[in-house]
Amino acid sequence: MAGVTPRRVQKRGSDLPLIPIMSLFLILVPMLLLTAEFERAAVVDLFLPSSDMAPSESKEKGPSLTLTVAVTPDGLTLIANRKKKVIKAKKSGNEVSYELDKLTDELVKLKKKYPRAGEVVLLIDGEIPYDTIIQVMDACREKILPTGERVTLFPNVALADRVVTKEGKKSGQK
Amino acid sequence: MVRSSRVTRARKRNGEVITLNLTSMMDMFTIILVFLLTQISAQGQLLTVGENTPLPYSTSRKEVRPAVTVAVVGGTISVDGEVVERNFLRYDGMLIDTLKAALDRKAKKLKEISKTNPTVVFRGEVLILADKTIPFKHLKKILYTCGQTEFINQSLAVLQK
C-alpha cells in the first residue's frame, strides 16, 4: 500500500497556495469586466446607385429586375418591374408596425425568379424613424431561417426620399 | 460565540492551521474569467457608443471598420467626437454648412496624412451614428451633406441583435 499516505500528512500537504492566484483573479476579473463589450456594434453599408444601374437585358443574362420598396406610415409598397404589391401596416394607437416577414417572403419569391438581382431602392417617407429604416433594410438584405442560416436576398440597399408631387404622384429623389 | 472560541482554542492547542476554503470562490472566478475572455475582442473597440446615443438594432454582422464618425443625437452633430453643430434642425435646406466645413477639413487632413504615411489610405469612409428615433427627413440631410463632401462610402452604425 505505497500509494496511501497517512491521514494527517495528506491533510497538511493537500492545500494548494491559492492566495496568489486569487490575487491575480481579483485584478483580472475587474479589468475584463471594464473592457467587456456586452453590446457589439456592427455596420450597415449604404449602396449608392450608379448611372449604369439602369436595367439592360443585353448586358446580363436573364431578365433584370428594378425593385423599389416604398415605406410610408400606411405601409410598405413593393414595386417590382412596375408590378405593385401593398403590404399594409398594422396600427394600434400611435404605434405603427410593419409586416416585415411578409415583405421578406415576397422578396424570397422575387429572388428565386431573378437570382442575379441584388439591388433594391427604398423610397422613404420623411416621418419614418431611423429604427424602422434599419428594420426594413434588414428585411430586404437577408432572411434568417429558423436554423440560424442566413439567405442573402438583395444586399445592396439604396435609400431615397419619397417625394409627393402636387398632382399626388409619387416619385423618388436621391 | 462561546462554542466557536472554544473550538478555536482547541485547534490552537492541537497545532492545526485554519485556512479559508477558497475552492468554491476559485470555481466562480474561473467561470467568470473564461466568460469574459470569450467576450473580449482581440481588435479592441473601434467605436465608442455614448450612452445617450440609442443606436438601432440590426441583424447585420458586418464588422466596424476604421472611419470618420458622424454622431447625431437630438440636434447635435459631432465629427469624431468633436461637436460641430448644436442645432442642425434650424437648416431648412438639405445642406448643413457646419458639417460640410468640418468634413472638408477632415478630408484635407486625412489626405495630408496619407501623403506621408502610406498605411493611411483615404477612401472617403464615413460611419454615421444616429439616434434611432430621428425621422428620415433629418437623416437625409446628414447623408446628403456627407455625399456633398468627399465622404461617399457611407455606412450606418448599428448594434447587433
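Residues numbered from 1 in each chain as written. Chains lettered and ligands numbered in written order. Predicted model: local features only at pLDDT ≥ 70, side-chain atom pairs only at ≥ 80, totals over all residues. Heavy atoms only, no water.

With that settled, the discussion passes to the side chain of B:Lys141. All names here are of chain B. With respect to the helices and strands, lysine 141 occurs in helix H4 (residues 136–148). A distance of 2.9 Å separates a polar atom in the side chain of lysine 141 from the backbone oxygen of tyrosine 91. Residues within four places of lysine 141 in sequence aside, it is in contact with Tyr91, Asp92, Gly93, Met94 and Ile96. (Helix = DSSP H or I, 4+ residues; strand = E, 2+ residues; numbered from the N terminus. Polar contact = N/O pair within 3.5 Å; in protein donor to acceptor, adjacent residues only side chain to side chain. Contact = heavy atoms within 4.5 Å.)

Right, let's get into H4(B). Helix length check: H4(B) (13 residues) gives 18 Å between terminal C-alpha atoms against 18 Å at 1.5 Å per residue, within 8%. All buried positions along H4(B) are accounted for by B:Phe136, B:His138, B:Leu139, B:Lys140, B:Lys141, B:Ile142, B:Leu143, B:Thr145 and B:Cys146. (Expected span 1.5 Å × (residues − 1). Buried < 20%, exposed > 50% of the residue type's maximum accessible area, 1.4 Å probe, protein only.)

Residues and elements named next belong to chain A. Per-residue confidence for chain A gives a mean pLDDT of 78, with 77% of residues at or over 70. By mean pLDDT, the top-scoring element of chain A is helix H4 (residues 130–141) (91), and the lowest-scoring one is strand E11 (residues 170–173) (45). Note on residues 168–174: pLDDT is under 50 here. Beyond four places in sequence and across chains, it has 16 contacts. (pLDDT = per-residue confidence, 0-100.)

Moving on, we get to the nonpolar core. Residues A:Leu103, A:Met137, B:Val70 and B:Ile142 are the most contacted members of the largest nonpolar core, which totals 59 residues. Take this core: its biggest share by element is 7 residues, from H4(A). Setting aside its immediate chain neighbours within four residues, B:Ile142 contacts B:Val70, B:Val72, B:Ile77, B:Phe88, B:Ile96, B:Leu99 and B:Ile128. Counting 11 residues, the second-largest nonpolar core is a separate cluster that includes A:Met22, A:Val29, A:Leu32 and B:Leu33. (Core = buried A, V, L, I, M, F, W, Y, C linked by side-chain atoms within 4.5 Å.)

Further remarks concern the pairing of strand E5 (residues 125–130) of chain B. Residues and elements named next belong to chain B. Of all 6 residues making up E5, 6 are buried, and the element is well covered by its neighbours. Alternating residues of E5 divide into Glu125, Leu127 and Leu129 and Val126, Ile128 and Ala130, and every residue in both groups is buried. Here 5 bridges tie strand E2 (residues 68–73) to E5, and the two strands are oriented parallel to one another. The residue bridging valine 72 from the neighbouring strand is alanine 130, located in E5. Direction of pairing for E5 relative to strand E6 (residues 153–160): parallel, over a ladder of 4 bridges. Paired with glutamate 125 across the bridge in E6 is asparagine 153. In the classification by handedness, the crossover that spans E5, the intervening H4 and the parallel E6 is right-handed. (Pairing = 2+ DSSP bridges. Right-handed = clockwise from strand over helix to strand, strands pointing away.)

A word on the interface of chain A and chain B. Interface size is often expressed as the accessible area that is lost when the parts come together. In this complex, chain A contributes 46 residues to the contact, which on the side of chain B involves 51 residues. Of all residues in chain A, A:Arg40, A:Val43 and A:Tyr130 bury the most surface against chain B, accounting for 18% of the area lost on that side. For the pair chain A and chain B, the number of links is 4 salt bridges. Residue B:Arg65 is joined to A:Asp45 by a salt bridge in which the shortest nitrogen-to-oxygen separation is 3.0 Å. Linking chain A with chain B are 18 residue pairs in polar contact (both at pLDDT 80 or more), by the criterion used here. Residue assignment for the side of chain A that touches chain B shows that the elements contributing at least two residues are helix H1 (7–13), helix H2 (19–35), strand E1 (41–45), H4, strand E8 (142–144) and strand E10 (156–164) of chain A. Ranked by residues supplied to the side of chain A that touches chain B, first place goes to H2(A) with 10 residues. In the side of chain A that touches chain B, the residues fall into 28 nonpolar, 2 polar and 16 charged. The sheet contact formed by E1(A) and E6(B) spans 5 bridges and is antiparallel. Opposite A:Asp45, over in E6(B), you have B:Ser155 as the bridge partner. (Buried area = accessible area lost by both parts, 1.4 Å probe. Salt bridge = Lys/Arg side-chain N within 4 Å of Asp/Glu carboxyl O. Nonpolar A, V, L, I, M, F, W, Y, C, P; charged D, E, K, R; others polar.)

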